[in-house]
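# A structural walkthrough
Here's the letter readout for the chains.
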Amino acid sequence: MVAATPIGARVATPKLTDIELYAWIAQADAGARIEYHRGFLGIDVTPVISTLPEPERCQLADLGQAALGAFEKGLVHLVQERVGPDCFAYIAVARPRPRPRAANASLSALLLEERAA
């Protein structure tokens, strides 16, 4: 027997993992967009109020931190589009990459550094 889902419960699961987001950022052309979550991210990642199962909530929290880290490193713009009451599309837009200099760290090194922190 399948358990009933409470009325109003959020049942969405993250579309991506943090690693998949990093991979997308590494190959995305400037201006490319990817929706990494649909819902209400602040609620969906908060342990006390999220209705997502714990593994999905943790995966979504990691994904949100990955998106924020990529934004802080200047790799993406983060955009929200309202799609309904208390429901937003969370979108990462790839930024143009600066021209590489020989002394700069690679994109992979920057992303791995963020993941380790």
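Right, let's walk through the structure included here. (Residues numbered from 1 in each chain as written. Predicted model: local features only at pLDDT ≥ 70, side-chain atom pairs only at ≥ 80, totals over all residues. Heavy atoms only, no water.)

Turning to empty space enclosed by the protein, a few remarks are in order. In this approach, a probe sized like a water molecule rolls over the atoms, and the result shows the empty space that is left. Counted under the stated rule, the structure contains one cavity of 30 Å³ or more. Approximately 40 Å³ is the volume attributed to the largest cavity. Surrounding the largest cavity, Ile25, Ala28, Leu75, Val76, Ala94, Arg95 and Arg97 form its lining. Of the residues assigned to the lining of the largest cavity, the class counts are five nonpolar, no polar and two charged. (1 Å grid on protein atoms, 1.4 Å probe; cavity = no way out; pocket = protein on both sides within 12 Å on 5 of 7 lines; lining within 4 Å. Points joined across faces, edges and corners; volume = space filled by probe spheres on them. Nonpolar A, V, L, I, M, F, W, Y, C, P; charged D, E, K, R; others polar.)

A few words now on helix H1 (residues 18-27). All of the buried residues in H1 are Asp18, Leu21, Tyr22, Trp24 and Ile25. Projected down its long axis, H1 carries its buried residues within an arc of 160°, all on one side. (Buried < 20%, exposed > 50% of the residue type's maximum accessible area, 1.4 Å probe, protein only. Helix = DSSP H or I, 4+ residues; strand = E, 2+ residues; numbered from the N terminus. Arc of directions from axis to C-beta.)

The subject of this paragraph is the pattern of salt bridges. Under the criterion given, the structure shown has three salt bridges. One salt bridge connects Arg57 with Glu54, and the closest N-O pair in it is separated by 2.7 Å. Taken together, the residues span about one helical turn, with Arg57 and Glu54 both in helix H3 (residues 54-72) at a distance of three residues. You can call Arg57 buried: its relative accessible area is 9%. Relative accessible area serves as the criterion here: at 43%, Glu54 is assigned to the partly exposed category. (Salt bridge = Lys/Arg side-chain N within 4 Å of Asp/Glu carboxyl O.)

In this section: H3. Residues three or four positions apart in an α-helix share a direction because the helix packs 3.6 residues into each turn. An ideal rise of 1.5 Å per residue puts 27 Å on 19 residues; H3 measures up with 27 Å between its terminal C-alpha atoms. Taken as a whole, H3 has its buried residues at Arg57, Leu60, Leu63, Gly64, Ala66, Ala67, Gly69 and Ala70. (Expected span 1.5 Å × (residues − 1).)

The next thing to look at is the nonpolar core. Within the largest apolar cluster, 23 residues are counted, with the highest numbers of intra-cluster contacts made by Leu21, Trp24, Ile25, Tyr36, Leu75 and Val76. When contributions to this core are tallied by element, the ones reaching two or more residues are H1, strand S1 (33-39), H3, strand S3 (87-94) and helix H4 (107-116). Ranked by the residues each element gives to this core, the list is headed by H3, at five residues. In this view, Trp24 contacts Ala32, Arg33, Ile34, Val76, Ala92 and Ala94; residues no more than four positions away in its chain are not counted. (Core = buried A, V, L, I, M, F, W, Y, C linked by side-chain atoms within 4.5 Å. Contact = heavy atoms within 4.5 Å.)

Within the open sheet, the three strands sit side by side as S1-S3-S2. Their pairing is antiparallel. Two strands close off the open sheet at either side, each with one partner strand: S1 and strand S2 (76-84). Averaged over neighbouring strand pairs, the angle between their axes works out to 25° when direction is ignored. The pairing of S2 with S3 spans eight bridges and is antiparallel. The residue of S3 that forms the bridge with Glu81 is Ala89. The sheet strands contacting H1 are S1, S2 and S3, and the helix crosses S1 at an angle near 155°. (Pairing = 2+ DSSP bridges. Axes fitted to C-alpha atoms, helices over the stretch in contact; angles between N-to-C directions.)

Function-wise, these values are silent; they only describe arrangement.
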